[in-house]
Amino acid sequence: MSFVFSPIPTPWVAVHGTEARFPVRRIFCAGRNYAAHAREFGRDPAVAPPFFFAKPADAVVGDGATVAYPTLTRNLHFEGELVVALGKPARNLDEVAVMDCVYGYAVGNDLTRRDIQMDAMKAGMPWDWGKGFDQSAICGPIHRVEEVGHVLKGALRTHVNGELRQEADLEEMIWSVPKQLALLSTAFELAPGDLVYTGTPAGVGALNPGDVCTVSIAGLGSVTTTIAAPL
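Residues numbered from 1 in each chain as written. Predicted model: local features only at pLDDT ≥ 70, side-chain atom pairs only at ≥ 80, totals over all residues. Heavy atoms only, no water.

**Quick notes on the sheet that holds strand 7 (residues 76-78)**
Note the following rule: A pair of strands is considered paired only if DSSP assigns at least 2 bridges between the two. Helix numbering and strand numbering both begin at the N terminus, where a helix is a DSSP run of H or I of at least 4 residues and a strand a DSSP run of E of at least 2.
Pairing in this open sheet of three strands is antiparallel, and the strands run 10-7-16 from one edge to the other. Both outer strands of the open sheet, strand 10 (112-113) and strand 16 (205-207), are each paired with one neighbouring strand and no more. As defined by bridge partners, strand 7 adjoins strand 10 across two bridges and the pair is classed as antiparallel. Residue pairing across strands places histidine 77 opposite threonine 112, the latter belonging to strand 10.

Printed below as a string of structure tokens:
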């Protein structure tokens, strides 16, 4: 068998404390999973069922990267998040069994073209252009479960140019990590290499060229991104 052109290199994320690389298969992202964040966008968290959107695997960007301000937007937003990395297949598993499939956890930043996303929401259209653009899935090194345990609580903070912009605890999630993974496993055959961005707390805001954005989670370190001028 031959390909008509060379396949793209496998996207990957660093693994903390090792030279190993975690190959990324798919990226799932939870929407409106913190009550305060839902309210800041005019939504009632009490009536919002869990839902997910996707980003392409090759949108992933590691710690310390410089990302060009994306095209088509005038309102690029940061969204600090906990990322779950799967190391085993998961299909139709309950909240207990699915946690055995977790390889580790990382700090993430779900970059968003907010104006495009909001226009799509108003028109009842998909969010793809607002969420799934190039270099939009920031992900720090993955900390293995055997190293840190299951990260289900702890402070999440986002700073822009040293100024605190987001602060919450992972325990404030509406839908916990086990609930999210169990639900996803009913809709998809999850597999090693899948990443799940678990939602962002309140305080999201704009990034501009020259800004430095750092997201940190207790026990997982931080991930820093510099926004460069548009290409």
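**Considerations on the layout of surface pockets**
Stated formally: Both site types are read off a 1 Å grid over the protein atoms alone. A 1.4 Å probe that fits but cannot get out defines a cavity, while an open set with protein on both sides within 12 Å along at least five of seven lines defines a pocket; lining residues have an atom within 4 Å of a point. Grid points are joined across faces, edges and corners, and a volume is the space filled by probe spheres set on the points. Three residue categories are used. Nonpolar comprises Ala, Val, Leu, Ile, Met, Phe, Trp, Tyr, Cys and Pro, charged comprises Asp, Glu, Lys and Arg, and polar comprises the others, including Gly.
Quantified by volume, the largest pocket comes out at close to 210 Å³. Its residues placed into classes, the lining of the largest pocket shows six nonpolar, two polar and two charged.

**What about the pattern of salt bridges?**
Rules: Note on definitions: salt bridges are taken to be side-chain nitrogens of Lys or Arg within 4 Å of carboxyl oxygens of Asp or Glu. Between buried and exposed lies partly exposed: a residue is buried under 20% and exposed over 50% of the maximum accessible area for its type, with that area taken using a 1.4 Å probe on protein chains only.
Using the criterion set out here, one finds eight salt bridges in the structure. One salt bridge connects lysine 131 with glutamate 79, and the closest N-O pair in it is separated by 3.2 Å. Within this pair, whereas lysine 131 is found in helix 3 (residues 128-131), its partner glutamate 79 is found in the loop between strand 7 and strand 8 (80-86), the two being separated by 52 residues in sequence. Both residues of the pair, lysine 131 and glutamate 79, belong to the buried class. Put simply, Lys55, Glu79, Asp110, Arg114 and Lys131 are held in one network by salt bridges that share partners.

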